[in-house]
Amino acid sequence: MIILGLDPGLGCTGWGVIRAEGNRLSHIANGQVRTDARAPLPERLAKLHAALGEVVTKYRPGGAAVEEVFVNDNPQSTLKLGQARGVVLLAAAQAGVEVGEYAPRLVKKALVGTGAADKNQVHAMVQRLLPGAQIAGADASDALAVAITHAHHLASARRGVAA
């Protein structure tokens with residue numbers, strides 16, 4: 001199954017595509033969609049939607065996974081992140097792709113073994129699990145981590161193991 005992982009953000013949304021065959025994972029592609037902070041919000045959201053639509057059309061994932069929103073100290077930042085996340089979910093839903101949602105701590109635990117892992121530890125595990133992948137940046141790495149988490153959860157569900 002081809003899985004699309006997404007790490008939503010208004011300034012930069014990471015995406016990663018992997019193939020999961022049983023316990024085997026392989027890297028297909030990854031990237032980042034950046035928007036201009038000076039552009040009006042609707043224009044930024046439209047750019048994000050169009051770019052992700054192209055990714056979905058090109059790779060035709062059988063499933064997708066999105067990192068859940070965390071609430072931070074700045075309500076405006078949280079709101080903008082939520083709007084970007086809505087666009088990410090819409091792009092997958094419009095293509096008929098079922099989406100799994102995972103908390104950041106769960107993604108870290110699935111990859112590193114602890115929900116308190118830092119970004120460097122997560123990135124190192126992504127590189128270990130997807131050897132040879134040229135990762136476009138931190139947001140793309142996070143998106144690949146979400147895709148890997150989804151692959152593990154799907155495999156566990158098929159085996160009847162609680163994820």
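Residues numbered from 1 in each chain as written. Predicted model: local features only at pLDDT ≥ 70, side-chain atom pairs only at ≥ 80, totals over all residues. Heavy atoms only, no water.

Caption draft 1: Region of the structure containing the pairing of strand β2 (residues 12–21). Most of β2 is tucked away, with eight of its ten residues classed as buried. Taken together, the six bridges between strand β1 (residues 2–7) and β2 define a ladder with antiparallel strand orientation. Bridged to L4 within β2 is V17. Note that β2 and strand β3 (residues 24–34) share ten bridges and pair antiparallel. Paired with I18 across the two strands is H27, which belongs to β3. (Buried < 20%, exposed > 50% of the residue type's maximum accessible area, 1.4 Å probe, protein only. Helix = DSSP H or I, 4+ residues; strand = E, 2+ residues; numbered from the N terminus. Pairing = 2+ DSSP bridges.)

Caption draft 2: Expanded view of the pattern of salt bridges. The final tally for this structure, using the stated rule, is three salt bridges. Notably, a salt bridge pairs R85 with E101, separated by 2.1 Å at the nearest N-O pair. Here the residue R85 occupies a position in helix α2 (residues 75–94), and E101 occupies one in strand β5 (residues 99–102), the gap between them amounting to 16 residues. Exposure remark for E101: the relative accessible area of 40% places this residue in the partly exposed category. With its nearest N and O atoms 2.3 Å apart, the salt bridge here joins K119 to D142. Residue K119 is found in helix α4 (residues 119–129), and its partner D142 is found in helix α5 (residues 138–159); the two are separated by 23 residues along the sequence. For D142, a relative accessible area of 10% translates into the label buried. (Salt bridge = Lys/Arg side-chain N within 4 Å of Asp/Glu carboxyl O.)

Caption draft 3: A look at the sheet that holds β1. Strand order in the open sheet made by the five strands is β3-β2-β1-β4-β5, with mixed pairing throughout. The open sheet terminates on both sides in strands that have one partner only, identified here as β3 and β5. The average angle at which neighbouring strand axes cross in this sheet is 20 degrees, direction not considered. For β1 and strand β4 (residues 63–67), the ladder comprises four bridges, and the chain directions are parallel. Considered in β4, the bridge of G5 is made with A65. (Axes fitted to C-alpha atoms, helices over the stretch in contact; angles between N-to-C directions.)

Remember, this is a structural readout, not a statement about activity or role.
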